[in-house]
Amino acid sequence: LRQRLRPHAAAPRALPMKEAKLTLPRDPGAAQTGSLTVITAATPWESRPLARMLALARSQEDRLIHQGHGLLLVETGMGPERTHAALRGLSSRFAVRGVIGTGFAGALQPELLCGDIVVDPHDASLDLVERVRRAATETRVRLFLGRLASEPAPLFDPETKRDLGRRTRATAVD
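Residues numbered from 1 in each chain as written. Predicted model: local features only at pLDDT ≥ 70, side-chain atom pairs only at ≥ 80, totals over all residues. Heavy atoms only, no water.

1. Observations concerning the pattern of salt bridges
In step 1: Scanning the entire structure with this criterion turns up 6 salt bridges.
In step 2: The partner of arginine 133 in a salt bridge is glutamate 130, and the shortest N-O contact between them spans 2.5 Å. Remark: glutamate 130 and arginine 133 occur in helix α4 (residues 126-139); sequence separation between them is 3 residues, near one turn of the helix.
In step 3: Relative accessible area serves as the criterion here: at 30%, glutamate 130 is assigned to the partly exposed category.
In step 4: Here glutamate 159 ties to arginine 166 by a salt bridge, and the two come within 2.9 Å at their closest N and O atoms.
In step 5: Take arginine 166: its relative accessible area is 52%, and that puts it in the exposed class.
In step 6: Via salt bridges that share partners, Glu130, Arg133 and Arg134 belong to a single interconnected network. (Salt bridge = Lys/Arg side-chain N within 4 Å of Asp/Glu carboxyl O. Helix = DSSP H or I, 4+ residues; strand = E, 2+ residues; numbered from the N terminus. Buried < 20%, exposed > 50% of the residue type's maximum accessible area, 1.4 Å probe, protein only.)

This is how it looks when you write it as structure tokens:
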């Protein structure tokens, strides 16, 4: 069940999502180099459903890491400083091939629905964009390519969200 999330609407109550196993298209380069793709999520509410969908196991050494299939899913905490600190710590322990930031973001454009995927192609390799496109097509999840705005604090006022969307032409805000 999807609920329309408009930039001018109040945040909807969380709806239960039907979970399915998600299989990302294989990355042949990862197996050859032994490197891992890191997926970041700020909170348990963002990381746990994704870990289940990707069938990742919780690390025995670090409760904030889920691992498997050439992926590390890391709970970083909120904010860019915490994310950067977590990534610095990981880079000293693992060979990191790339980083995918995931999580909840606020819609800045009216056509976005809860559960849509937004990828900023300016910050992603073409290979990654193509792999996400294939995964979205296979799982029938809508994919949008567009800029992601970043704000230091949540935007609660609908007019502030509309204004940010107009000024930046961003698709969503984190």
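Read on, since the account is not over.
2. Structural notes on the sheet that holds strand β10 (residues 172-173)
In step 1: Taken in spatial order, the 3 strands make up an open sheet running β6-β10-β9, and their pairing is mixed. Strand pairing shows two members of the sheet lacking a second neighbour, β6 (106-107) and β9 (148-149), which therefore form its edges.
In step 2: Sheet topology places β9 next to β10; 2 bridges connect them, and they run parallel. Opposite leucine 148, over in β10, you have alanine 172 as the bridge partner. (Pairing = 2+ DSSP bridges.)

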